Amino acid sequence: QVQLVESGGGLVQAGGSLRLSCAESGGTFSNFMMAWFRQAPGKEHEFVAAINRSGTSTRYADSVKGRFTISRDNPKNTVYLQMDSLKPEDTAVYFCAARGVGIVPVSRADAYDYWGQGTQVTVSS
């Protein structure tokens, strides 16, 4: 049974940085396309970033491009989201997700098969 566990969230001032981690267990991590989504209060899931199985192709939402970096370490079964130049509007619960098929990173939430419980990120102004 595939499990995803996020960590690294917290409270940070605007302009600061955080690095989120998502550890996978129960499956074959290198077979999964991975992604990060976020959900702010009263809003739907929003795509943040995705990465292909080998880590050679990435995709970002326009709102985070140039500030966030997604990466993965397959031997460690972990995907990361480095978040720099954080803004108050980045405040949300951040979720990692895994997709068992496909080559090109996708941004649709319904394309992902497994989800973590989420980690809260709060950016103060």
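Our structure is the block above this text.
I will try to describe carefully the structure that is included in this document.

Rules of the game
- Throughout this description, residue numbers start from 1 for each chain and increase along the sequence as written.
- Only residues with pLDDT of 70 or above have their local features reported here, since the model is predicted, and side-chain atom pairs are shown and tallied only from 80 upward, although totals for entire chains, interfaces and linings are computed over all residues.
- Note that water and hydrogens are dropped before the side-chain values are worked out from all heavy atoms of the structure.
- A pair of strands is treated as paired once DSSP finds two or more bridges between them.
- For helices the rule is a DSSP run of H or I covering at least 4 residues; for strands it is a run of E covering at least 2, with both sets numbered from the N terminus onward.
- Here the axes come from fitting lines to C-alpha atoms, over the contacting stretch only for helices, and the angles between their N-to-C directions go from 0 to 180 degrees.
- We call a set of buried residues a nonpolar core when its members are Ala, Val, Leu, Ile, Met, Phe, Trp, Tyr or Cys and they connect through side-chain atoms within 4.5 Å of each other.
- Only protein chains enter the accessibility calculation, which uses a 1.4 Å probe; a residue whose area is less than 20% of its type maximum is buried, one above 50% is exposed, and one in between is partly exposed.
- We call a pair of cysteine sulfur atoms a disulfide whenever their separation is within 2.5 Å.

### Considerations on the sheet that holds strand β7 (residues 68–73)
- Pairing in this open sheet of four strands is antiparallel, and the strands run β1-β3-β8-β7 from one edge to the other. The two strands at the open ends of the sheet, each matched to only one other strand, are β1 (3–7) and β7. Looking at each pair of strands side by side, their axes are set apart by 15° on average, direction ignored.
- Inspection of the sheet shows strand β3 (residues 18–25) paired to strand β8 (residues 78–83) by six bridges, in the antiparallel sense. When the sheet's bridge partners are listed, L18 is paired in β8 with M83.

### Describing the nonpolar core
- Of all hydrophobic cores here, the largest spans 37 residues; its most connected members are M34, W36, L81, M83, Y94 and Y112.
- Of all the secondary-structure elements, those providing two or more residues to this core are β3, β4 (33–39), β5 (46–51), β7, β8, β9 (92–99) and β11 (119–124).

### Side note on the state of the cysteines
- Tallied over the full model, the rule gives one disulfide.
- In this model, C22 is linked to C96 through a disulfide, with the two sulfur atoms separated by 1.9 Å. Across the S-S bond linking C22 and C96, the dihedral sits near 40°, which makes this disulfide right-handed. Within this pair, whereas C22 is found in strand β3, its partner C96 is found in strand β9, the two being separated by 74 residues in sequence.
- You can call C22 buried: its relative accessible area is 0%.
- On the basis of relative accessibility, which here comes to 0%, the residue C96 falls in the buried class.

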